[in-house]
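Now for the letters of each chain:
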Amino acid sequence: MAVVEIEQDIGQYLSDQDKELVRRAYAFASRAHSGQYRLSGEEFIEHPVAVAKILSELEGDAETLAAALLHDVVEDTPVKLEEIRAEFGEEVAKLVDGVTKLSRIQFHSRVEEQVSNLRKMFLAMAEDWRVLVIRLADRLHNLRTLSALPPEKQKRTAEETLEIYAPLAHRLGIWRFKWELEDLAFRYLEPEEYRSLAKRIAAKRSEREAEAAMVMARLKDKLLSAGIQCEVQGRAKNLYSIYRKMRTQGKDLSEIYDLLAVRVIVNNVTDCYEVLGIAHTLWKPMPGRFKDYIAMPKPNGYQSLHTTVVGPLGEPFEIQIRTREMDRTAEYGSAAHWKYKEGGKTDKAFDQKMAWLRQLLDWQREMTDAGEFMEALKIDVFNDEVFVFTPKGDVVDLPVGSTPLDFAYKIHTDIGHHCVGAKVNGKMVPLDYKLNTGDIVEILTSRQSVGPSRDWLEIVKTPQARSKIRAFFKRQLREEDIARGKTALDKEIQKLGLKMSVLEDSNILSNVLEKLNYPDIQNLYAAIAYGGMSPVHVASRIKDEVLRVKPDLLPHKEEATRTFQRKPRGPEEAVIVKGMRDFLVRLAHCCNPVPGDPIIGYITRGRGVTVHRLDCPTIAAYNDKERFIEVTWERAVQASYPVEILIEGQDRPGLFADVTSVIAGLGANILNASARGQADGTARIDITFEIHNLDELQEATSRIRQIKGISRVNRVFSRVR
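Nothing here was measured: the structure is a model prediction, and the numbers come from that model. Here the residue numbering is sequential within each chain, running from 1 through the sequence in written order. pLDDT decides what is reported in this predicted model: residues at 70 or higher carry local features, side-chain atom pairs at 80 or more are listed and counted, and totals for whole chains, interfaces and linings draw on all residues regardless. Hydrogens and water molecules were not included; the side-chain quantities draw on all heavy atoms of the structure.

(A) Molecular detail of the packing of aromatic side chains. Under the pairing criterion, centres of Phe, Tyr and Trp rings, with the six-membered ring standing for Trp, must be within 6.5 Å; the plane angle then separates stacked pairs below 30 degrees from edge-to-face pairs above 60, leaving the rest tilted. Counted according to the given criterion, the structure contains 11 aromatic pairs. Judged by centre distance (5.9 Å) and plane angle (70°), the ring pair of Tyr-293 and Tyr-302 falls under edge-to-face. The buried label applies to any residue whose accessible area, calculated with a 1.4 Å probe on protein chains only, is under 20% of its type's maximum; exposed applies above 50%, and partly exposed to all values in between. Here Tyr-293 falls in the buried class, since its relative accessible area comes to 11%. Accessibility expressed as a relative area gives 14% for Tyr-302, which makes it buried.

Printed below as a string of structure tokens:
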């Protein structure tokens, strides 16, 4: 495709300066992609030119067309984004960056990669919705040339198109993109169904074309005689929408009456309603088949009157009535308003139509799981909608299947939290009632309500409501954790003869928090409650800080000072050798015994008694059994003992940090730690730390086993040093 085709389109609406920007972008992209070819065999530059051509048919602005021509340069060539920015300015660079995929990052799964790219695109869309229009045009051309790809790639691309890109085109209201994306994806996902349905529809449609011509001719004559300037045309329903209606409603093709619709385009809204009245005098309207999208527009801005009448041959016909501006918006959606900001002021009506983008940003901040995020997109953003009213007449759009609770949380979080009942059309309904289009919903609230019930998580349909309910319980649990942690720390501080009031001293509190690496006291209390930090360890740090800053607050100041300054006894002093005093004792490095371990002594030549654990493999190698001697632990001695453990689990980011945090939270000193990943996706962590007794070791290993992904925690015998 030559760039001259784009110039023919843009020559109708762009200035000479804007056209020059597009030409420069083409020249730059052509040089960057020189020597590159697509799988179809055509030069790579043909793809960005085709994308720009699609957008020029929608009368895209110069920056959008330039970005379309450059959209693959950063991703597929050595050119950096900084070069684009320097050559074409910040606006074009931002559009290119928003469209560029995260191709240089390694992802654990295709879903994670898909979600990461969508998150990046949504963030860019929040600043400029044109990013999405370029991506849609890019996807449309990729589908038009999809036959060059292998079958697996064809199906994957088609599936992603139906799940994500076609619904996004619907949200933007770009009908031209939506129907072609759906039909092309349908063709590759269900080739047999596609061919069979296309053949049947062609035959059925030809039968109805004569009747459609009769309807259009008679209606146009009647309207012209009434002095209404109009354009009357026929519209064929796209294949996929017919297929979907047959599947969801369980209908045969013979029961689908809107294969062809008559569209009437007039000059103003008054004419729209006058046309409706004339149509109903010519043919009998079908009850329940009239929709006024002018008074109640769809969220994507779509406006039109829809009515179904019984045609001259007894077959139902749909008639759509709209103004020229409405028709342009229906075809091009948001792309009908490329310049939506003038004089620096935002178009509020346009921003309201794009409010769903802000929902995406809210969800992506709250949802870290890729699968959960994709499910949220499919349910709330890409699902069919119902339109309900507030008691004041405001329209609220929700996914099909939504309940009064979804409505309440859509209005405001507090209304949802304090909901105690609901009325629909003036009548009380249960909270799991499924809302229908046209319902008037009133939420009953009470300030005495304690908040949502956990059962509500099973009732609500929208991720928006679900995330707000979860946030409530998370906040509630945190408040409980803070209270429990405060109580636990208070007890330990009292044991030291201190009061919690010592924490009112800003110097003591800030120093303790800094040393323990916590931003504030609430986070420290919460950590104590869930086991991330030992209250004994925190109380000890507080005592040390009080002794350093305000020792007069401590009872028995002199004794406390002596205790603080006294050199701690060595771990060997905790061992009693039966029948001997002042005998040299050392703890074996091969098994690192700690108080609580069953132990035995071995009399060595020149090094006194070496103390081993009874299960130590080393003692089995000793031949002289007469050298073994009974030893016991002296309970009164408090000392630190090194212990080594081996941890195995599923490798993941943050695993090593989680393990070391648990140990540090117990107040233990880590002497040595190493971690390594295995080829099978597992990880091994070897860590040596100090404890006071076997109970502390068991506490540490128990908490480590509770860490996500951990499969084994074993105490190990060290190599003899």
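(B) Structural detail: the packing of helix H7 (residues 90-99) against helix H9 (residues 130-144). Viewed as axis vectors pointing N to C, H7 and H9 meet at an angle of 55°, and their least axial separation amounts to 9 Å. In terms of orientation, H7 lies oblique with respect to H9. Between H7 and H9 lies a crossing of right-handed hand. Residues Glu-91, Leu-95, Gly-98 and Val-99 of H7 lie in contact with H9, whose contacting residues are Arg-130, Val-131, Ile-134 and Arg-135. Throughout this entry, Asp, Glu, Lys and Arg are counted as charged residues, while Ala, Val, Leu, Ile, Met, Phe, Trp, Tyr, Cys and Pro are counted as nonpolar. The remaining residues, Gly among them, count as polar. When its residues are assigned to classes, the contact of H7 with H9 shows four nonpolar, one polar and three charged. Throughout, an axis means a line fitted to C-alpha atoms (over the contacting stretch in the case of helices), and angles, computed between N-to-C directions, take values from 0 to 180 degrees. Helix and strand assignments follow DSSP, with helices taken as H or I runs no shorter than four residues and strands as E runs no shorter than two, numbered in order from the N terminus. Angle categories are assigned with fixed cut-offs, so that under 35 degrees is roughly parallel, over 145 is roughly antiparallel, 65 to 115 is roughly perpendicular, and the rest are oblique. Crossing handedness is defined as follows: a turn of the near helix away from the far one that is anticlockwise and smaller than a right angle gives a left-handed crossing, while the clockwise case is right-handed. Here, residues are in contact when the closest pair of their heavy atoms is within 4.5 Å.

(C) Local environment of H9. Helix span, as expected, comes to 1.5 Å for every residue beyond the first. A rise of 1.5 Å per residue sets the reference length of H9, with its 15 residues, at 21 Å; its end C-alpha atoms lie 21 Å apart and thus fit the reference within 8%. Of all the 15 residues making up H9, 13 are buried; the element is thus mostly covered by neighbouring parts of the structure.

(D) Molecular detail of the sheet that holds strand E16 (residues 609-613). In spatial order, the strands read E14-E16-E15-E17; together these four strands make up an open sheet with mixed pairing. Either end of the sheet is taken by a strand with one partner, and the two such strands are strand E14 (585-587) and strand E17 (628-629). When DSSP finds two or more bridges between two strands, those strands count as paired. The pairing of strand E15 (residues 599-603) with E16 spans five bridges and is classified as antiparallel. Looking at the pairing, Ile-600 lines up with His-612 of E16.

(E) Region of interest: the nonpolar core. Definition of nonpolar core: a set of buried residues of the types Ala, Val, Leu, Ile, Met, Phe, Trp, Tyr and Cys, connected through side-chain atoms within 4.5 Å. Formed by 71 residues in total, the largest nonpolar core has its most connected members in Leu-55, Leu-70, Ile-84, Leu-136 and Phe-177. Ignoring sequence-local partners within four residues, the contact set of Leu-136 consists of Tyr-165, Leu-168, Ala-169, Leu-172, Phe-177 and Leu-181. Core analysis: the second largest hydrophobic core is formed by 34 residues, Leu-587, Ala-639, Ala-683 and Phe-689 among them.

(F) Examining the side chain of Arg-263 more closely. Relative to the assigned elements, Arg-263 resides in strand E2 (residues 260-266). By relative accessible area, which is 7% here, Arg-263 ends up buried. For the purposes of these results, a polar contact is taken to be a pair of N or O atoms within 3.5 Å, where, inside protein, one atom must be able to donate a hydrogen and its partner to accept one; residues adjacent in sequence count only when each atom of the pair is a side-chain atom. A polar atom in the side chain of Arg-263 sits 3.2 Å from the side chain of Gln-320. Once residues lying within four places of it in the same chain are set aside, the contact partners of Arg-263 are Glu-231, Val-232, Gln-233, Arg-235, Gln-320, Arg-322, Asp-327 and Glu-331.

(G) Quick peek at the confidence of the model for the protein chain. Taken as a whole, the protein chain shows an average pLDDT of 79; of its residues, 81% reach a score of 70 or greater. Scored below 50 in pLDDT, residues 102-109 shows 11 contacts in the model against residues more than four places distant or in partner chains. Here pLDDT means the predictor's own confidence in every residue, given as a number from 0 to 100. Overall, residues 340-346 carries pLDDT values under 50, and its contacts beyond four positions in sequence, including any with other chains, amount to eight contacts.

(H) Just the state of the cysteines, in detail. Any cysteine sulfur atom paired with another within 2.5 Å is treated as part of a disulfide. Throughout the structure, instances matching the rule amount to zero disulfides. For Cys-590, which is in no disulfide, the shortest distance to another cysteine sulfur is to Cys-616 and amounts to 3.5 Å.

(I) Spotlight on the sheet that holds strand E11 (residues 427-429). With antiparallel pairing, the three strands of this open sheet are ordered in space as E11-E10-E12. The open sheet terminates on both sides in strands that have one partner only, identified here as E11 and strand E12 (441-445). Across this sheet, the average inter-strand angle for adjacent strands is 40°, counted without regard to direction. Its contacts with the sheet put helix H19 (residues 404-411) on strand E10 (419-424), E11 and E12, and the angle it makes with E12 is roughly 80°.

(J) Just helix H11 (residues 175-189), in detail. Spanning 15 residues, H11 covers 21 Å between terminal C-alpha atoms, matching the ideal 21 Å at 1.5 Å per step. Across the 15 residues of H11, 11 count as buried, placing the element largely inside the fold. Among all positions in H11, only Phe-177, Lys-178, Glu-180, Leu-181, Glu-182, Asp-183, Leu-184, Ala-185, Phe-186, Tyr-188 and Leu-189 are buried.

(K) Fine view of the pairing of E16. Most of E16 is tucked away: five of the five residues are buried. Alternating residues of E16 divide into Val-609, Val-611 and Arg-613 and Thr-610 and His-612, and every residue in both groups is buried. Both E14 and E16 contribute to a ladder of three bridges, which runs parallel. What sits directly across from Arg-586, in E16, is Thr-610.

(L) Just the pattern of salt bridges, in detail. By definition here, a salt bridge exists when the distance from a side-chain nitrogen of Lys or Arg to a carboxyl oxygen of Asp or Glu is within 4 Å. Following the criterion strictly, the structure yields 24 salt bridges and no others. Lys-19 serves as the salt-bridge partner of Asp-16, at 3.4 Å between the closest nitrogen and oxygen. Here the residue Asp-16 and the residue Lys-19 both occupy positions in helix H2 (residues 16-32), the gap between them amounting to three residues, near one helical turn. Relative accessible area serves as the criterion here: at 60%, Asp-16 is assigned to the exposed category. The class for Lys-19 is buried, based on a relative accessible area of 15%. Here the salt bridges do not stand alone but share partners, grouping Asp-61, Glu-91 and Arg-130 into one network.

(M) Focus on the environment of Ala-62. Residue placement: Ala-62 occurs in helix H4 (residues 62-70). Put simply, Ala-62 and Val-92 are 30 residues apart on the chain and 9.3 Å apart in space, counted from C-alpha to C-alpha. Those residues in contact with Ala-62 that lie beyond four places of it in its chain are Leu-14, Asp-18, Leu-21 and Val-22.

(N) Representation of the environment of Val-575 in the model. Within the secondary structure, Val-575 sits in strand E13 (residues 575-577). Val-575 sits in the buried class, given a relative accessible area of 8%. Residues Val-575 and Gly-601, spaced 26 residues apart in sequence, show a C-alpha to C-alpha distance of 9.6 Å. When neighbours within four sequence positions are excluded, Val-575 is seen to be in contact with Val-585, Leu-587, Val-611, Val-631, Thr-632 and Trp-633.

(O) Structural view of the packing of helix H3 (residues 46-57) against H9. For the pair H3 and H9, the least separation of the axes is 9 Å and the interaxial angle reads 120°. With respect to H9, the axis of H3 lies oblique. The handedness of the crossing between H3 and H9 is right-handed. Residues His-47, Ala-50, Val-51, Ile-54 and Leu-55 of H3 lie in contact with H9, whose contacting residues are Val-133, Ile-134, Ala-137, Asp-138, Leu-140, His-141, Asn-142 and Arg-144. Here the contact of H3 with H9 is composed, by residue class, of eight nonpolar, three polar and two charged.

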